[in-house]
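# Coordinates in review
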Amino acid sequence: MHISAKADYAARALVELACDTSRPLTCEAIAASQGIPFRFLKSVVGELRRAGLVRSQRGCEGGYWLGRTAEEITLLDVVRAVDGEVITLRGEPLAGLDYPGPAHALPSVWRSVEERAVEILSGTTVAQLVRSADRVATA
């Protein structure tokens, strides 16, 4: 299994934004806090903006805010915003995958793995991740 750097950085940026919704955060601040390469994060945040997961504010007081509440943003939303498909095989979606002969059953296993991943990702919100972080910080 492979979780892309884009998906990881996008999720970390959203959690960072969700921790303090009183003001916008710059990409520089998020990158520094999370140890993410700034230039890469800037392109990832652009994809999140296009997907409506973040919104931007220009100017000297500018930066990024969550585009929806943290309770409404799931990790599935994040993965689909930056990667498209949850799981691919050599870059192709699993939907039409079919093998001949003895390997005929294998594509259904790959699709089951994807279904389980979708179930986990869609059941995990940014708000849950923030609450987890808060519990760790206060322990």
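The preceding data block contains the structure.
Residues numbered from 1 in each chain as written. Predicted model: local features only at pLDDT ≥ 70, side-chain atom pairs only at ≥ 80, totals over all residues. Heavy atoms only, no water.

Let us now look at the overall build of the protein chain. Scanning the protein chain for helices and strands turns up six helices and four strands. Along the protein chain, from the amino end to the carboxyl end, the secondary structure elements read α-α-α-β-β-α-β-β-α-α. Each principal axis of the C-alpha atoms in the protein chain carries an extent, and together these give about 60 × 35 × 25 Å. By residue count, 37% of the 139 residues in the protein chain fall in the buried class. Partitioning the contacts of the protein chain with sequence separation of at least 6, the portion at a separation of at least 24 is 59%. As displayed, the protein chain offers around 8,400 Å² of accessible surface, 54% of which is attributable to carbon and sulfur atoms. One finds the centroid of the 16 positive side-chain charges in the protein chain at a distance of 4 Å from the centroid of its 17 negative side-chain charges. (Helix = DSSP H or I, 4+ residues; strand = E, 2+ residues; numbered from the N terminus. Buried < 20%, exposed > 50% of the residue type's maximum accessible area, 1.4 Å probe, protein only. Contact = heavy atoms within 4.5 Å. Areas by Shrake-Rupley, 256 points an atom, 1.4 Å probe, with all protein chains shown as cover. Lys, Arg positive; Asp, Glu negative; His and termini not counted. Charge placed at Lys NZ, Arg CZ, Asp CG, Glu CD.)

Moving on, we get to the side chain of Thr 124. Tracing the backbone shows Thr 124 in the loop between helix H5 (106–122) and helix H6 (126–138). Residue classification places Thr 124 among the buried positions, given a relative accessible area of 18%. A polar side-chain atom of Thr 124 sits 2.9 Å from the main-chain carbonyl oxygen of Ile 120. Residues contacting Thr 124, with those up to four places away along its chain left out, are Ile 73, Thr 74, Leu 75 and Leu 129. (Polar contact = N/O pair within 3.5 Å; in protein donor to acceptor, adjacent residues only side chain to side chain.)

Glancing now at the packing of aromatic side chains. As enumerated under the stated definition, the model contains one aromatic pair in all. A centroid spacing of 5.2 Å and a plane angle of 80° characterise the contact between Tyr 9 and Phe 40, whose relative ring orientation is edge-to-face. Placement of the pair is Tyr 9 in helix H1 (residues 5–19) and Phe 40 in helix H3 (residues 38–50), with a sequence separation of 31 residues. In this structure Phe 40 comes out as partly exposed when scored by relative accessible area, which is 29%. (Phe/Tyr/Trp six-rings, centres within 6.5 Å; stacked < 30°, edge-to-face > 60°.)

By the bridge criterion, four bridges tie strand S1 (residues 54–57) to strand S2 (residues 63–66) in an arrangement that is antiparallel. Across the sheet, residue Arg 55 finds its bridge partner in S2, namely Trp 65. (Pairing = 2+ DSSP bridges.)

On to the state of the cysteines, then. Inspection of every chain in the model, using the stated rule, returns zero disulfides. Cysteine Cys 19 remains unbridged, with the sulfur of Cys 27 as its closest cysteine sulfur at 16 Å. (Disulfide = S-S within 2.5 Å.)

A separate point is the packing of H1 against H3. Contact geometry of H1 with H3 gives a least axis separation of 10 Å together with a crossing angle of 75°. As far as their axial angle goes, H3 and H1 are roughly perpendicular. Packed against H1, whose contacting residues are Ala 5, Lys 6, Tyr 9, Ala 10, Ala 13 and Leu 14, the element H3 presents Phe 40, Leu 41, Val 44, Glu 47 and Leu 48 at the interface. Class assignment of the residues belonging to the contact of H1 with H3 gives a composition of nine nonpolar, no polar and two charged. (Axes fitted to C-alpha atoms, helices over the stretch in contact; angles between N-to-C directions. Parallel < 35°, antiparallel > 145°, perpendicular 65-115°, else oblique. Nonpolar A, V, L, I, M, F, W, Y, C, P; charged D, E, K, R; others polar.)

Worth remembering: the numbers are spatial, not functional.
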